[in-house]
Amino acid sequence: MGAHGMAHDMRLFLIAVVVTTLGCSKEATPAAEEPKKGSGTEITPAAAMEPAADELASANVSDSKFTLEIKPNGSYKAGEAASVEVVLDAKAPFHCNDKYPYKLKLDATDGVKYPDTVVKKDAVKLEHMKATMTVPFTPESKGKKTIAGQFHFSLCSADKCLIEKRKLALDIQVD
């Protein structure tokens, strides 16, 4: 590989490091720094892949590149520690990006206490094609409660990485 090829690969690597370290930016990479198509891994900015601002939260999201679900993890009793799971399944040729700082930004919910309003990558069990996040909380009162938030994640194929975020919500019954 010539000096030009190594310099191009280094630039791609640095762009990938910045994107995965800092998370997503609403601004696209400046044209002078964008990789050329077909020349290696391309980073697709979140603004290009982001769902509409009025997207409704859902317990299940299906896309041509992934499926995403927030689901119950056992039964729920007022005053007892509990959790739900967020499960991301990549669809080939995509896989879960092990360098990305996965997170779930939780919405405030009456009658539910969270240890932290942001669940981070250390709560994720990451496999090549699957990421499972355990989301801890304590329901403080009986009745229907909604566990909701925005999940930030990244998927990669051989030639590009996508930075995504989706709104998730799950209604649970607390006894």
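In what follows, the structure referred to is the one given above.
Residues numbered from 1 in each chain as written. Predicted model: local features only at pLDDT ≥ 70, side-chain atom pairs only at ≥ 80, totals over all residues. Heavy atoms only, no water.

A. Looking closely at the pattern of salt bridges. Inspection of the entire model under this criterion finds six salt bridges. For R166, the salt bridge is made with D63, and the minimal N-O distance between the two is 3.7 Å. Residue R166 is found in strand β12 (residues 160–174), and its partner D63 is found in the loop between β2 (60–62) and β3 (66–72); the two are separated by 103 residues along the sequence. Judged by relative accessible area, which is 7%, R166 ranks as buried. (Salt bridge = Lys/Arg side-chain N within 4 Å of Asp/Glu carboxyl O. Helix = DSSP H or I, 4+ residues; strand = E, 2+ residues; numbered from the N terminus. Buried < 20%, exposed > 50% of the residue type's maximum accessible area, 1.4 Å probe, protein only.)

B. Summary view of the state of the cysteines. Applying the stated criterion across every chain, the model contains one disulfide. Of all cysteine sulfurs in the structure, the one in C156 sits closest to C96, which takes part in no disulfide; the separation is 9.4 Å. Residue classification places C96 among the buried residues on the basis of a relative accessible area of 3%. (Disulfide = S-S within 2.5 Å.)

C. Representation of the packing of aromatic side chains in the model. Scanning the model with the defined rule gives six aromatic pairs in all. Measuring from centroid to centroid gives 6.4 Å for Y102 and F151, while their planes differ by 40 degrees, and the two rings are tilted. Taken together, the positions of Y102 in the loop between β5 (95–96) and β6 (103–106) and F151 in strand β11 (residues 143–156) put the pair 49 residues apart, joining distant regions of the chain. Accessibility expressed as a relative area gives 1% for F151, which makes it buried. Among the aromatic residues, ring-to-ring pairing joins F66, Y100, Y102, F151 and F153 into one connected group. (Phe/Tyr/Trp six-rings, centres within 6.5 Å; stacked < 30°, edge-to-face > 60°.)

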